[in-house]
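Per-entry structural report
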Amino acid sequence: MAATRRLSHSVAVITINHPPVNALSHSLRRSIAKEFGDASKDSSIEAIVLCGANGNFCAGADIKEFGSSTLDSVSLNNINDAVERCQKPVVAAIEGVALGGGLELALSCHYRVANVQARVGLPEVLIGILPAAGGTQRLPRLIGIPAALDMIVRGRHVPATEALQLGVVDEVVKANTIDAAIQLARKVLGEKYNHH
Ligand SMILES: CC/C=C\C/C=C/C(=O)SCCNC(=O)CCNC(=O)[C@H](O)C(C)(C)COP(=O)(O)OP(=O)(O)OC[C@H]1O[C@@H](n2cnc3c(N)ncnc32)[C@H](O)[C@@H]1OP(=O)(O)O
């Protein structure tokens, strides 16, 4: 399990890879933090795309590690704060599911592109906990309190097209989600340079 990084022009594509659903185990979080930190500091990289392997963005916390002492040693909150604060545009490319901590990671990105088949949600309530990695702040800021509360208290999986209407994601594509996220990152960079 690891996060790997490749370069597409000047955009770093960081792929979260922990089969089957890229759950955020301790070692995966440590790997994401390292790859993201390196990409943020690398002056040849102008933007970052976060995506998932195995057809999913990320199913959230690794529930198999619940109760283990490693859960908090690399905090998802710290990763999310670093992503949000990054000076380079960061785009999440969402395929499959972005659930729980996975959606919280995507919400920390500056933009989100979703595949039309994708689903997003905060299902924590269904296992008796509350979103605790920024979701209860970032989601209402993005889509307003009533819609965010509805997602948080019901824990339902929201289809991509509804997520677009709500404003959870910025763009929905039928195919090539990662390429679309790279394109969006490059468009944002173009706009940035045109304003200077
Ligand atoms: C880092 C912590 C920071 C902050 C706190 C965050 C908290 C949270 O994120 S809580 C939310 C945790 N996530 C969930 O509750 C999602 C639970 N999973 C699902 O809803 C579904 O499994 C799925 C929609 C992700 C996939 O459904 P489906 O395609 O029907 O497959 P299966 O349900 O059969 O699952 C396949 C396979 O994946 C394992 N798995 C699924 N989710 C997790 C997970 N979160 N952690 C670890 N493993 C997970 C599932 O056990 C199956 O494995 P096996 O094939 O080995 O049985």
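Residues numbered from 1 in each chain as written. Predicted model: local features only at pLDDT ≥ 70, side-chain atom pairs only at ≥ 80, totals over all residues. Heavy atoms only, no water.

The name given to the protein chain in an unreviewed UniProt entry is Peroxisomal bifunctional enzyme, and the organism recorded there is Pelobates cultripes.

1. Overview of the packing of helix α4 (residues 135-143) against helix α5 (residues 145-154)
For the pair α4 and α5, interaxial distance at closest approach is 7 Å and the crossing angle is 135 degrees. Between α4 and α5, the angle is such that the two are oblique. The handedness of the crossing between α4 and α5 is right-handed. Of the residues in α5, those touching α4 at Thr136, Leu139, Pro140 and Ile143 are Ile145, Ala147, Ala148, Met151 and Ile152. Of the residues belonging to the contact of α4 with α5, the class tally is 8 nonpolar, 1 polar and no charged. (Axes fitted to C-alpha atoms, helices over the stretch in contact; angles between N-to-C directions. Helix = DSSP H or I, 4+ residues; strand = E, 2+ residues; numbered from the N terminus. Parallel < 35°, antiparallel > 145°, perpendicular 65-115°, else oblique. Left-handed = near helix turned anticlockwise from the far one by under 90°. Contact = heavy atoms within 4.5 Å. Nonpolar A, V, L, I, M, F, W, Y, C, P; charged D, E, K, R; others polar.)

2. Structural notes on the site of the ligand
By nearness alone, 19 residues border the ligand, and Pro20, Ala59, Ala61, Ile63 and Gly101 come closest of all. Between a nitrogen atom of the ligand and a main-chain N or O atom of alanine 61, the distance comes to 2.8 Å. In this structure, a nitrogen atom belonging to the ligand sits 3.0 Å away from a main-chain N or O atom of isoleucine 63. When the free accessible area of the ligand is taken as 1100 Å², the share hidden by the protein chains comes to 62%. Residue classes in the shell around the ligand are distributed as 11 nonpolar, 4 polar and 4 charged. (Near = heavy atom within 4 Å. Polar contact = N/O pair within 3.5 Å; in protein donor to acceptor, adjacent residues only side chain to side chain. Areas by Shrake-Rupley, 256 points an atom, 1.4 Å probe, with all protein chains shown as cover.)

3. Some remarks on a nonpolar patch on the surface
On the surface, Ile63, Phe66, Val125, Leu126, Ile127 and Ile129 cluster together to form a nonpolar patch covering roughly 550 Å² of accessible area. For leucine 126, the location among the structural elements is in the loop between β7 (119-121) and α4. Of the residues examined, leucine 126 reaches a relative accessible area of 59% and is grouped as exposed. (Patch = residues over 30% accessible without salt bridge, like charges linked within 9 Å, V, L, I, M, F, W, Y side chains within 5 Å. Salt bridge = Lys/Arg side-chain N within 4 Å of Asp/Glu carboxyl O. Buried < 20%, exposed > 50% of the residue type's maximum accessible area, 1.4 Å probe, protein only.)

4. Here's the deal with the layout of surface pockets
For the largest pocket, the calculated volume is near 670 Å³. Contributing to the lining of the largest pocket are 32 residues, with Gly60, Ala61, Asp62, Phe66 and Gly101 lying nearest its centre. Those elements that provide at least two residues to the lining of the largest pocket are α2 (76-85) and α3 (101-108). Residue composition of the lining of the largest pocket, grouped by class: 20 nonpolar, 6 polar and 6 charged. (1 Å grid on protein atoms, 1.4 Å probe; cavity = no way out; pocket = protein on both sides within 12 Å on 5 of 7 lines; lining within 4 Å. Points joined across faces, edges and corners; volume = space filled by probe spheres on them.)

5. What to know about the sheet that holds strand β1 (residues 2-8)
Taken in spatial order, the 6 strands of this open sheet run β1-β2-β3-β4-β6-β9, and their pairing is mixed. The open sheet is flanked by β1 and β9 (171-173), the only strands paired with a single partner. Geometrically, the sheet is characterised by an average inter-axis angle of 20 degrees between neighbouring strands, direction not taken into account. In terms of strand pairing, strand β2 (residues 11-17) meets strand β3 (residues 47-52) through 6 bridges, oriented parallel. Bridge pairing in β3 links valine 11 to alanine 47. (Pairing = 2+ DSSP bridges.)

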